[in-house]
Amino acid sequence: MTKLFVSDLQGKEEIESIFLVKIFNTMEGKDGKKYFNIILTDSSGDLEARLWQYSPEIEKNITKSTFVRVKGKLNFYQGRKQFILTLIEKVPESEVNTDDFVMKSVEDPEVMFKKLLTIIESLSDVYIRDLLKNIVTDGEIARRLKTWQAGKSIHHAYRSGLLEHILSCTQLAQTLSKHYHVNPNYVIAGCILHDLCKIYELTDGINVEYTEEGKLVGHLVKGLEIVDRFSYKIRNFPHYTKMHLKHILLAHHGEYEYGSPKIPQTSEAYLVHLIDLMDSKMGTLDLIKKTDSATGHWSGFVKHLDRIVYKSDLPFYPEYIQDEEERYPQPTVTVSPVQSPKPRSAPIPEPKTSLSKMLGGYKVEE
Ligand SMILES: [Fe+2]
Ligand SMILES: [Fe+2]
């Protein structure tokens, strides 16, 4: 059977393919009848599914992380794709190519890792440079860093997402520490080490979960352990350097209510916190644009960002508009949320107060 990917499904079609079950819940309707509420997934995104025919057999056999062959019809419900199933059956893992079901970074992890090492080599503080080099080239740390995700489901939540986030933060650190005249050695070290210990906080594999150590200790405190463990191996490692590195790690979540036992009290620590915040928010937006299943320009409500997100490209005019009539056309726009949006020819309307008003200037075909 040819694998159909979530991002290729257009709607109103009969589908038969294999997916991974991300969420599987038995629900009860207003009429008291049971049904199944399912989120299917593959390397291209998630798909909401319903099976209205309850069966105790299915409830027993299908769970989260099961590979399933499904058949049914793709419909639209409240602007979102919804797959109405007529069949669901378990498929053994040995019969599937697991790479088809795991989202990955678009960057090659080996290339990202080399870029990170080059930045470390460029540092002018010999102790911080040696500490970072020893940490990231440790066999087990390097292996995990190249594959781990940065989060369970929010930002950079895909294979090698942690390394992508760390490298992105580190590249921002190079530019911004110069711009704000702060010590780049500490900002770069903070960006490399701040989330590194997510390699102990999260599991690897198809369904990422928190480890016991992640739940009980967490990546901030594990970060301190790593600094201690590797700095003891470097002769005369300065106490105050270590103290400031530890402060950056303890303060990188920025506020007490976000799990930081200390708030940033040096310029370097504050900058690491701001870079981390910026990169995680931009990473979340990027993931929403790639995977949200709502049709049209707008995503569904994103709890983590507390807003809906405009998913299409903004208007872009490399050349002047030639005549008056072209300035205010009423375009018919068809946008698939998981594919590159088509180029737009109209300016964005002024922000208004409601979604229906915001979409008022456009006719959106679904
Ligand atoms: Fe963190
Ligand atoms: Fe982070």
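Below is a short write-up of the structure.

The rules behind the values
- Residues numbered from 1 in each chain as written.
- Chains lettered and ligands numbered in written order.
- Predicted model: local features only at pLDDT ≥ 70, side-chain atom pairs only at ≥ 80, totals over all residues.
- Heavy atoms only, no water.
- Pairing = 2+ DSSP bridges.
- Helix = DSSP H or I, 4+ residues; strand = E, 2+ residues; numbered from the N terminus.
- Donors = N, O, S within 2.8 Å, 3.2 Å for Na, K, Ca; no water.
- Buried < 20%, exposed > 50% of the residue type's maximum accessible area, 1.4 Å probe, protein only.
- Tetrahedral: all angles 85-135°; square planar, octahedral: opposite > 155°, others 65-115°.
- 1 Å grid on protein atoms, 1.4 Å probe; cavity = no way out; pocket = protein on both sides within 12 Å on 5 of 7 lines; lining within 4 Å.
- Points joined across faces, edges and corners; volume = space filled by probe spheres on them.
- Nonpolar A, V, L, I, M, F, W, Y, C, P; charged D, E, K, R; others polar.

## Section: the pairing of strand 1 (residues 13–28)
Now for step 1: In the sheet, strand 1 pairs with strand 4 (residues 67–77) via eight bridges, with the strands oriented antiparallel. Bridge pairing links Glu16 to Lys71 in strand 4.
Now for step 2: Sheet topology note: the strand 1/strand 2 (residues 34–42) ladder contains eight bridges and is antiparallel. When the bridges of strand 2 are listed, Thr26 appears paired with Phe36.

## Examining the coordination of the iron ion (ligand 1)
Now for step 1: On the protein side, the iron ion (ligand 1) has Asp195 (OD), His219 (NE2), His252 (NE2) and His253 (NE2) as donor atoms, found 2.2 to 2.3 Å from it.
Now for step 2: Here the donor residues for the iron ion (ligand 1) map to a single chain with the spacing D-x23-H-x32-H-H.
Now for step 3: A separation of 4.5 Å is found between the iron ion (ligand 1) and the iron ion (ligand 2), which share Asp195 as a coordinating residue.
Now for step 4: Among the residues examined, His252 registers a relative accessible area of 1% and is labelled buried.
Now for step 5: Take His253: its relative accessible area is 21%, and that puts it in the partly exposed class.

## Let's talk about the coordination of the iron ion (ligand 2)
Now for step 1: Those donors, His165 (NE2), His194 (NE2), Asp195 (OD) and Asp276 (OD), are the protein atoms that reach the iron ion (ligand 2), and they lie 1.9 to 2.3 Å from it.
Now for step 2: Each of the four donor atoms around the iron ion (ligand 2) contributes to a set of angles spanning 88 to 165°, which defines the coordination as irregular.
Now for step 3: Motif for the iron ion (ligand 2), donor spacing along one chain: H-x28-H-D-x80-D.

## Some thoughts on empty space enclosed by the protein
Now for step 1: If you walk through the whole model with that rule in mind, you get two cavities of 30 Å³ or more.
Now for step 2: Space inside the largest cavity adds up to approximately 40 Å³.
Now for step 3: Here the lining of the largest cavity is composed, by residue class, of two nonpolar, three polar and two charged.

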